[in-house]
Amino acid sequence: MVKSDDVATKCQGLHALGNAEMPSLFQTFVDIAANEVDADVLTTVINVMDVYDKEFFTKEVNAVLNRIYHEVQREYTYVIRLTAANSLLTKNPSEQDVINILLSLNCQKVPEMVTFLTAKIDNLMTLNTVAGKTVRKALSSAAVSNYNTRAHSGLSAAFTNVMADTADALSTFDQDILFTSTAVLRKSDFSVNLEADDNTLQIANVGIWARGLETFLGEDTGEEAGAAAGLSVKMMDVQLRPMSFSMTMSDLMSLVWSMGSDSSMTALQGIILLQDHFETIRLQSGFGVEVAVQGTVSLKLSGGLDFSLWERSSTTSIYNNGAMAVRGSLKVDTGFLKTGMEYSADADGSITFITTVLFAELPAKFCMQMMQEPLLFRHRVYKYEELMGSTTKFSVAVKRNTLAPPQSFKLYKQNSIQCDQMLGQEEEESDSWW
């Protein structure tokens, strides 16, 4: 599949090999990245390399990524260069790698590319990782960190925030969002991570990408591939098969000229059986205890892209819905006495991430909102005792329902200012007599 002439088949094969994470295949991915010409295949193989640990990113591998970003041998699209820079900065960068990227920002022709890289570097500075320490050390020099290399304006952003913090684990979410120069979404990645005992696990990642929509606004990005949009999902670092919103020009024209139509698509939906356990435990008294436990999780990950020239707006939506249920029982039957306990616990909730951009006038206005719906947790315990031959059965049941109120997460300062301006203007227009 990797040697196929069909681009889609080749990308699918690379994703499959990347999910295996075999150390022996890493050098193969590096060789493909160094010699590949097709933009989709090159982007895919760099993303596959990003799955591996930082120990694989040696000086030789970083040299390949540096050649791609700095366009040493040939020209690349800015999306490919950003993908290479992201792997270079987040894995095992040297201090000189970071300095070279920072010094190159003033020479870039795409302002949003510069804004995204600046936000990415600022976000890395806040993280207590090896890459974060390297970035902080590189920025300690005034010759590198100054107005010329750090003062850039744009809509693109990259940040990490805390979702939940407990005594045992820390849950964070990452958001990377890249716009074109005409304020059209190019790529958006939303991921949820779990950190515990110095280990980090990416639980889920939902990404939406769009290509070619900016041509309707007269922007030339230099990308030769046709217009398209799609959705990709990762679960536990396993890449699922990407899905496309539209690939033909007629589909794109219908989407572009629509008056607010929603092209939402479900990328993953299912029920996972986590545990189904049954056993009999023999006590010292000779009696047997029957233990039964079942646990399930249901997931639904979806996203939508609404781009309208009529409304001069672009809206990206990422929906993360989940539910959990646990059922269990303990039973003891002595022949003359039956006793036992049944318990259950379940919860369901959802997190929605919405990005809205209005480009009716420049500079464009944008607002990113991350909202959590009300979370309901239900807990029930039922205990009973019954003597054989008796008409009376003793039982007690305890039920508890806990409701976590809905909340909206604060992302970063500039976004809060933009949302206040956009939402405040909408309220004023809705209250007007017209």
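Since we're looking at a predicted model, the values are computed, not measured.

Visitor: So what exactly am I meant to see when it comes to the packing of aromatic side chains here?
Guide: For the structure on display, the rule yields 9 aromatic pairs. Ring geometry for F173 versus F190: centroids 6.1 Å apart, planes at 35°, classification tilted. You can see F173 sitting in strand 2 (residues 170-179) and its partner F190 sitting in strand 3 (residues 185-196), a full 17 residues away along the chain. Taken as a pair, F173 and F190 share a single burial class, namely buried. Above the ring of Y69, the side-chain terminus of R81 is found at 4.9 Å from the ring centroid. One residue, K393, lies across the ring of Y384, its end atom 5.1 Å from the ring centre.

Visitor: What exactly am I supposed to notice about the nonpolar core here?
Guide: For soluble globular proteins, nonpolar side chains are generally found buried alongside one another. F29, L42, V45, I46, M49, I68 and L117 are the most contacted members of the largest nonpolar core, which has 49 residues in total. Within the residue set of this core, elements represented by two or more residues are helix 1 (7-20), helix 2 (26-35), helix 3 (39-49), helix 4 (59-69), helix 5 (78-90), helix 6 (95-104), helix 7 (111-125) and helix 8 (130-138). Of all the elements, helix 5 adds the most residues to this core, at 8 residues. Each residue touching M49, except ones within four places of it in the same chain, is listed here: F26, F29, V30, A33, F57, V61 and L65. Counting 36 residues, the second largest nonpolar core, distinct from the first, contains I208, V233, L305 and A364.

Visitor: Mind showing me how you'd approach the state of the cysteines here?
Guide: What makes a disulfide is a covalent bond joining the sulfur atoms belonging to two cysteines. Scanning all chains against the criterion turns up 1 disulfide. Disulfide pairing is shown between C367 and C419; the S-S distance is 2.0 Å. As the torsion about the S-S bond is roughly 105°, the C367-C419 disulfide counts as right-handed. Of this pair, C367 sits in strand 12 (residues 365-372) while C419 sits in helix 11 (residues 413-431), placing them 52 residues apart in sequence. Residue class for C367 comes out buried when judged on its relative accessible area of 2%.

Visitor: Sorry if this is basic, but what is going on with the pattern of salt bridges here?
Guide: Where side chains of opposite charge bring their charged atoms close, a pairing between them can arise. This model, assessed by the stated rule, comprises 9 salt bridges. Where E95 meets K137, a salt bridge forms, and the shortest distance between an N and an O atom there is 3.9 Å. With E95 in helix 6 and K137 in helix 8, this pair connects stretches of sequence that are 42 residues apart. Judged by relative accessible area, which is 31%, E95 ranks as partly exposed. K187 is the salt-bridge partner of D189, the closest N and O atoms lying 3.9 Å from each other. In this structure K187 comes out as partly exposed when scored by relative accessible area, which is 24%. Through salt bridges with shared partners, a single network forms among R327, D346, D348 and R378.

Visitor: I would appreciate a short explanation of the side chain of K120 in the present structure.
Guide: Take K120: it is sitting in helix 7. Take K120: its relative accessible area is 10%, and that puts it in the buried class. Residues in contact with K120, not counting those within four places in the same chain, are N86, T90, A158 and D176.

Visitor: So what exactly am I meant to see when it comes to the pairing of strand 3 here?
Guide: On any regular strand, side chains alternate: one points to one face of the sheet, the next to the other face. The sheet contact formed by strand 2 and strand 3 spans 10 bridges and is antiparallel. Considered in strand 3, the bridge of L178 is made with K187. In textbook terms, the turn of a hairpin is the stretch between consecutive antiparallel strands, and for strand 2 and strand 3 this stretch comprises 5 residues, one of which, A183, has a positive phi near 70°. By the bridge criterion, 10 bridges tie strand 3 to strand 4 (residues 199-211) in an arrangement that is antiparallel. Paired with F190 across the strands is V206, a residue of strand 4. The hairpin formed by strand 3 and strand 4 contains 2 residues between the paired strands, and D197 there has a positive phi angle of roughly 55°.

Visitor: Just checking my understanding: could you explain the environment of R211 for this structure?
Guide: Within the secondary structure layout, R211 lies in strand 4. Judged by its relative accessible area of 9%, R211 is buried.

Visitor: Can you help me understand unusual backbone geometry in this one?
Guide: Across the chain, the bulk of peptide bonds are trans and the bulk of non-glycine residues have phi less than zero. Positive phi outside glycine occurs at E21, with the angle close to 55°. For E71, which is not glycine, the phi torsion reads 55° and is therefore positive. Note on E71: relative accessible area 27%, which makes it partly exposed.

Visitor: Whenever I open this one, the pairing of strand 9 (residues 288-308) confuses me. Can you help?
Guide: As paired strands, strand 8 (residues 265-282) and strand 9 are joined by 16 bridges and run antiparallel to one another. Across the sheet, Q269 pairs through a bridge with K300, a residue of strand 9. As consecutive antiparallel partners, strand 8 and strand 9 are separated by 5 residues, and within that stretch G286 has a phi angle of approximately 100°, a positive value. Relative to strand 10 (residues 313-333), strand 9 runs antiparallel, the two being bridged by 20 bridges. Residue pairing for strand 10: L301 is matched across the bridge by N320.

Visitor: Is there a simple way to think about helix 8 in this case?
Guide: An α-helical segment advances 3.6 residues per turn. Residues three or four places apart therefore align on the same side. Among all positions in helix 8, only A131, G132, T134, V135 and A138 are buried. Taken around the axis of helix 8, the buried residues stretch over an arc of 160°, which confines them to a single face. On its buried face, helix 8 is in contact with helix 5, helix 6 and helix 7.

Parameters at a glance
Residues numbered from 1 in each chain as written. Predicted model: local features only at pLDDT ≥ 70, side-chain atom pairs only at ≥ 80, totals over all residues. Heavy atoms only, no water. Phe/Tyr/Trp six-rings, centres within 6.5 Å; stacked < 30°, edge-to-face > 60°. Helix = DSSP H or I, 4+ residues; strand = E, 2+ residues; numbered from the N terminus. Buried < 20%, exposed > 50% of the residue type's maximum accessible area, 1.4 Å probe, protein only. Lys NZ or Arg CZ within 6 Å of the ring centre and 35° of its normal. Core = buried A, V, L, I, M, F, W, Y, C linked by side-chain atoms within 4.5 Å. Contact = heavy atoms within 4.5 Å. Disulfide = S-S within 2.5 Å. Salt bridge = Lys/Arg side-chain N within 4 Å of Asp/Glu carboxyl O. Pairing = 2+ DSSP bridges. Arc of directions from axis to C-beta.

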